[in-house]
Amino acid sequence: MIFSPVSESIQHIKADKLRALAVTTAARLDVLPDVPTVADFVAGYEASGFAGIGAPRNTPAEIIDMLNKELNAGLADSKIKGRIVELGGTVLGGSPAEFGTIISDATEKWASVIKFAGIKVE
């Protein structure tokens, strides 16, 4: 048994070389609609990653706005969106502030897990 990113295992799942037991996302994935979530068995369970693009601190607002506009346009493109979904991803898009909230929420969540588990830097 392994916990593997869907993007790394989807080709094996689709080829029936690997059996997906569950996904760790909060909802089922479009690419694996018949595969349950872990939360279907363990209430409240959710562990998923995300990817985004950042820019250096003090990047001018007009550059941030232009990058955000172009990135959202790319994510809205059916070919790009389709490929992301095909690899098990969920396309969100959004504003820099919304991405900041995602980062903040994930940091708070995993800090709580680390504290609860008593994990220490070695």
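Values in this document were obtained by computation on a predicted structure and should not be read as measured data.

Here is what the cut-offs are and how they apply
Starting afresh in each chain, residues are numbered from 1 along the sequence in its written order. Thresholds applied to this predicted model are a pLDDT of at least 70 for local features of residues and 80 or more for the giving and counting of side-chain atom pairs; totals over whole chains, interfaces and linings are not thresholded and use all residues. Only heavy atoms go into the side-chain values, all of them from the structure, while hydrogens and water stay out. Centre distance within 6.5 Å is the pairing criterion for rings of Phe, Tyr and Trp, where only the six-membered ring of Trp is used; planes under 30 degrees apart are then read as stacked, over 60 as edge-to-face, and the remainder as tilted. Starting at the N terminus, helices and strands are each numbered in turn, a helix being any DSSP run of H or I of at least four residues and a strand any DSSP run of E of at least two. In this scheme, a residue with accessible area under 20% of its type's maximum is buried, one over 50% is exposed, and one in between is partly exposed, where area comes from a 1.4 Å probe on protein chains only. In these notes, a set of buried Ala, Val, Leu, Ile, Met, Phe, Trp, Tyr and Cys residues joined through side-chain atoms within 4.5 Å is what counts as a nonpolar core. Contacts between residues were defined by any pair of non-hydrogen atoms, one from each residue, lying within 4.5 Å. Within this document, salt bridges are pairs made up of a side-chain nitrogen of Lys or Arg and a carboxyl oxygen of Asp or Glu, the two lying within 4 Å of each other.

**Describing the packing of aromatic side chains**
Centre-to-centre distance and the angle between the planes together describe a pair of aromatic rings. Inspection of every chain in the model, using the stated rule, returns one aromatic pair. Ring centres 6.0 Å apart and planes at 85 degrees place the aromatic pair Phe 50 and Phe 99 in the edge-to-face group. Here Phe 50 is found in the loop between helix H1 (6-14) and helix H2 (61-76), whereas its partner Phe 99 is found in helix H4 (residues 96-117), with 49 residues between them in sequence. Look at Phe 50 and you get partly exposed, because its relative accessible area is 44%.

**Some words on the nonpolar core**
With eight residues, the main nonpolar core is built from Val 6, Ile 10, Ile 13, Val 23, Leu 29, Val 31, Leu 32 and Val 35. Discounting chain neighbours no more than four positions away, the residues touching Leu 32 are Val 6, Ile 10, Ile 13 and Val 23.

**Some details on the pattern of salt bridges**
Across all of its chains, the model carries three salt bridges by this definition. Between Arg 83 and Glu 86 there is a salt bridge, with the nearest N and O atoms lying 2.3 Å from each other. Of this pair, Arg 83 and Glu 86 both sit in helix H3 (residues 78-86), three residues apart, which is roughly one turn of the helix. On the accessibility criterion, Arg 83 (44% relative accessible area) is partly exposed. A residue is classified by how much of its surface remains accessible, and Glu 86, at 44% relative accessible area, is partly exposed.

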